[in-house]
Amino acid sequence: AEAAEPAAALAPAQVVAHRGYSGLAPENTLVAIEAARHSGADYIEIDIDFTADGVPVVIHDDTVDRTTDGTGAIREMDYSEVRGLDAGSWFAPAYADEPMPSLEQALDSFADQGGRLLLEYKGGWSANAVAETADMIRDRGLADSVMVQSFDVETVRNLRAEAPELPAGLLRSRLDGDPVAIAEELGVDAYNPNAERLLERPEVVDELQAAGIEVMAYTVNEAAGWQRLTELGVDAIITDHPAQLAGWNRQF
Ligand code: G3P
Ligand code: CA
């Protein structure tokens, strides 16, 4: 029966560029953010963690090993040790010496060049650490352009308390329990699930949206998945290939 639905009845999901335009450029670098800005994405997602001396930096893993020419845990290295690392060569030689940006450098690019940021806090962040990043966002006049998210429930609580004006999402790798109850208890605006797990409990999309909570599903790189999620009516799809998803969306 679904196959008989005209495509025009569907509304396209918003496009979120995952770790910048990570299909095209080294993830979580300024060049990946810049590529995402020109991809047709509605949001640019990046991950942040912080160094031993408390500098928030843009990185996905808890070590620098995979995405730079260095080794070590990011929270055990000073910023002076990470700022000179090559975060581009692992992806392609053309990106040699592309640095790992600090959060402030990434925010500067949004302040200067525009775009909407989906900012993921990796690991646990204290209230004070979250408050510092909120001030960096406010100082640049970016409060209307930034949505925050985390898998870490305590970090989400700290974000709601310290930056209540920033819309917030709860990331979930599994859809355990009652997603609406969990989202409402935390006071988040969005529930951002692993897409494969969401497709096992598709009714959750309507339940969340009926409660006024958006659904932003990660990370889907193929049209078959985009189709299923669009039929479910998710609010946003997070993808490594934002230009392709934006192009695919033009059918609707
Ligand atoms: O934005 C959601 C998605 O990025 C979460 O997964 O591991 O890519 O940060 P991960
Ligand atoms: Ca992420």
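Remember, predicted model here, so these are calculated numbers, not experimental data.

Attention shifts here to the UniProt feature "domain: GP-PDE" (unreviewed entry) in the protein. With numbering aligned to this structure, UniProt lists the feature "domain: GP-PDE" (unreviewed entry) at residues 13–249. For the annotated span residues 13–249, helix accounts for 36% and strand for 18% of the residues, and the straight-line distance between the end C-alpha atoms is 8 Å.

Moving on, we come to the pattern of salt bridges. All told, the structure shown has 18 salt bridges when counted by the stated rule. Salt-bridge contacts for D47 lead to R19; the nearest nitrogen and oxygen are separated by 4.0 Å. Of the two residues, D47 sits in strand β2 (residues 43–50) while R19 sits in the loop between β1 (14–17) and α1 (30–37), which places them 28 residues apart along the sequence. With relative accessibility at 15%, the residue R19 sits in the buried group. A salt bridge links R66 to D61; its shortest N-O distance comes to 2.8 Å. Relative accessible area serves as the criterion here: at 36%, R66 is assigned to the partly exposed category. By relative accessible area, D61 is classed as buried at 17%. Within this structure, R19, E27, D47, D61 and R66 form a network of salt bridges that share partners.

Turning our attention to helix α9 (residues 223–232). Given 3.6 residues to a turn, an α-helix orients residues that are three or four positions apart in the same direction. Looking only at α9, the buried set comprises G225, W226, L229 and T230. Each buried residue of α9 sits inside an arc of 130° when the element is viewed along its axis, so together they form one side. Positioned one or two residues after α9, G233 has a phi angle of 85°, which is positive.

The next thing to look at is the nonpolar core. If you look at the biggest cluster of nonpolar residues, it comprises 54 residues, and the most contacted ones within it are L119, Y121 and L198. Per-element tally for this core: the top contributor is helix α4 (residues 127–139), with 5 residues. Not counting residues within four places of it along the chain, the set of residues in contact with Y121 comprises I48, V130, T133, I137, V148, Q149, S150, T155 and L159.

What follows concerns empty space enclosed by the protein. In total, this model carries 1 cavity of 30 Å³ or more according to the counting rule given. Volume-wise, the largest cavity comes out at about 70 Å³. As for the largest cavity, its lining consists of E27, N28, T29, V58, I59, H60, T67, T68, A87, W90 and M100. Classifying every residue of the lining of the largest cavity gives 5 nonpolar, 5 polar and 1 charged.

With that settled, consider the layout of surface pockets. In this structure, the second largest pocket spans a volume of roughly 190 Å³. Taken together, 13 residues form the lining of the second largest pocket, with A195, E196, T219, V220 and R228 sitting closest to its centre. For the lining of the second largest pocket, the elements supplying multiple residues, two or more each, are α7 (195–200) and α9. Class assignment of the residues belonging to the lining of the second largest pocket gives a composition of 6 nonpolar, 4 polar and 3 charged.

Attention now goes to the pairing of strand β4 (residues 117–121). By the criterion of burial, β4 is predominantly enclosed, with 5 of the 5 residues buried. Alternating residues of β4 divide into L117, L119 and Y121 and L118 and E120, and every residue in both groups is buried. Handedness of the β4-α4-strand β5 (residues 146–150) crossover: right-handed.

Glancing now at the packing of helix α6 (residues 179–186) against helix α8 (residues 203–210). How two helices pack is summed up by the angle between their axes together with the distance between the axes. The N-to-C vectors of α6 and α8 enclose an angle of 35°; their axes lie 9 Å apart at closest approach. When you trace α6 past α8, the crossing you get is right-handed. Residues P179, V180 and A183 of α6 touch α8, and the partners they reach there are V204, E207 and L208. Along the lines of polarity and charge, the residues of the contact of α6 with α8 split into 5 nonpolar, no polar and 1 charged.

Procedures and definitions
- Residues numbered from 1 in each chain as written.
- Chains lettered and ligands numbered in written order.
- Predicted model: local features only at pLDDT ≥ 70, side-chain atom pairs only at ≥ 80, totals over all residues.
- Heavy atoms only, no water.
- UniProt positions renumbered as here; feature names shortened; annotations may be inferred.
- Helix = DSSP H or I, 4+ residues; strand = E, 2+ residues; numbered from the N terminus.
- Salt bridge = Lys/Arg side-chain N within 4 Å of Asp/Glu carboxyl O.
- Buried < 20%, exposed > 50% of the residue type's maximum accessible area, 1.4 Å probe, protein only.
- Arc of directions from axis to C-beta.
- Core = buried A, V, L, I, M, F, W, Y, C linked by side-chain atoms within 4.5 Å.
- Contact = heavy atoms within 4.5 Å.
- 1 Å grid on protein atoms, 1.4 Å probe; cavity = no way out; pocket = protein on both sides within 12 Å on 5 of 7 lines; lining within 4 Å.
- Points joined across faces, edges and corners; volume = space filled by probe spheres on them.
- Nonpolar A, V, L, I, M, F, W, Y, C, P; charged D, E, K, R; others polar.
- Right-handed = clockwise from strand over helix to strand, strands pointing away.
- Axes fitted to C-alpha atoms, helices over the stretch in contact; angles between N-to-C directions.
- Left-handed = near helix turned anticlockwise from the far one by under 90°.

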